[in-house]
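These are the residues of each chain, in order.
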Amino acid sequence: MVGTHPIRNVLRIDNVETQPAERITANDEERQHQGFDIQTVFAWPQRDGALDVSSALASDADGPILSIDYASGATISRLNKGLRRRKQKST
């Protein structure tokens, strides 16, 4: 994917619980307001060892207009990378 940057070395906190949400929560808004760097990331689902993604291309007489990839089972996560004003800003 063009323009993407993989996220590595993320610390998973196993002693917390999450619930799926349809929208941004008040906690996310408050963290952003307080100056935290919140990043949304996603992971494509896999089925039988291959990515389970549908792709489509829209075009007109002049050529391609839009390319889209869709995965109904993609996992979307919100990463709190720390304060925006921190000294060491790693991706």
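Residues numbered from 1 in each chain as written. Predicted model: local features only at pLDDT ≥ 70, side-chain atom pairs only at ≥ 80, totals over all residues. Heavy atoms only, no water.

Quick look at the overall build of the chain
Then, number 1: Along the chain, the regular secondary structure elements total one helix and six strands.
Then, number 2: Going from N to C terminus, the chain has its helices and strands arranged as α-β-β-β-β-β-β.
Then, number 3: Counting every position in the chain, which comprises 91 residues, the buried fraction comes to 10%.
Then, number 4: Counting only carbon and sulfur atoms, one obtains 48% of the accessible surface of the chain, whose full area is about 8500 Å². (Helix = DSSP H or I, 4+ residues; strand = E, 2+ residues; numbered from the N terminus. Buried < 20%, exposed > 50% of the residue type's maximum accessible area, 1.4 Å probe, protein only. Areas by Shrake-Rupley, 256 points an atom, 1.4 Å probe, with all protein chains shown as cover.)

Side note on unusual backbone geometry
Then, number 1: Phi at aspartate 48 is positive, roughly 55°, even though this residue is not glycine.
Then, number 2: The topology assignment puts aspartate 48 in the loop between strand 2 (46-47) and strand 3 (50-51).

Here's the deal with the environment of serine 67
Then, number 1: With respect to the helices and strands, serine 67 occurs in strand 5 (residues 63-70).
Then, number 2: Note: C-alpha distance between serine 67 and alanine 56 (11 residues apart in sequence) is 5.9 Å.
Then, number 3: Leaving out residues up to four positions away in the same chain, serine 67 has contacts with Ala56 and Leu57. (Contact = heavy atoms within 4.5 Å.)

Things to note about the pattern of salt bridges
Then, number 1: Scanning the entire structure with this criterion turns up one salt bridge.
Then, number 2: The residue aspartate 52 makes a salt bridge to arginine 47 at a minimum N-O spacing of 3.0 Å.
Then, number 3: Taking relative accessible area as the criterion, aspartate 52 reaches 29% and is therefore assigned partly exposed. (Salt bridge = Lys/Arg side-chain N within 4 Å of Asp/Glu carboxyl O.)

Remarks on the environment of leucine 79
Then, number 1: In this fold, leucine 79 is placed in strand 6 (residues 75-83).
Then, number 2: Separated by 42 residues in sequence, leucine 79 and aspartate 37 have C-alpha atoms that sit 8.2 Å apart.

Topic: the confidence of the model for the chain
Then, number 1: Mean pLDDT over the chain: 79, with 77% of residues reaching 70 or higher.
Then, number 2: Strand 4 (residues 54-60) holds the highest mean pLDDT among the elements of the chain, 95, whereas helix 1 (residues 26-33) holds the lowest, 72. (pLDDT = per-residue confidence, 0-100.)

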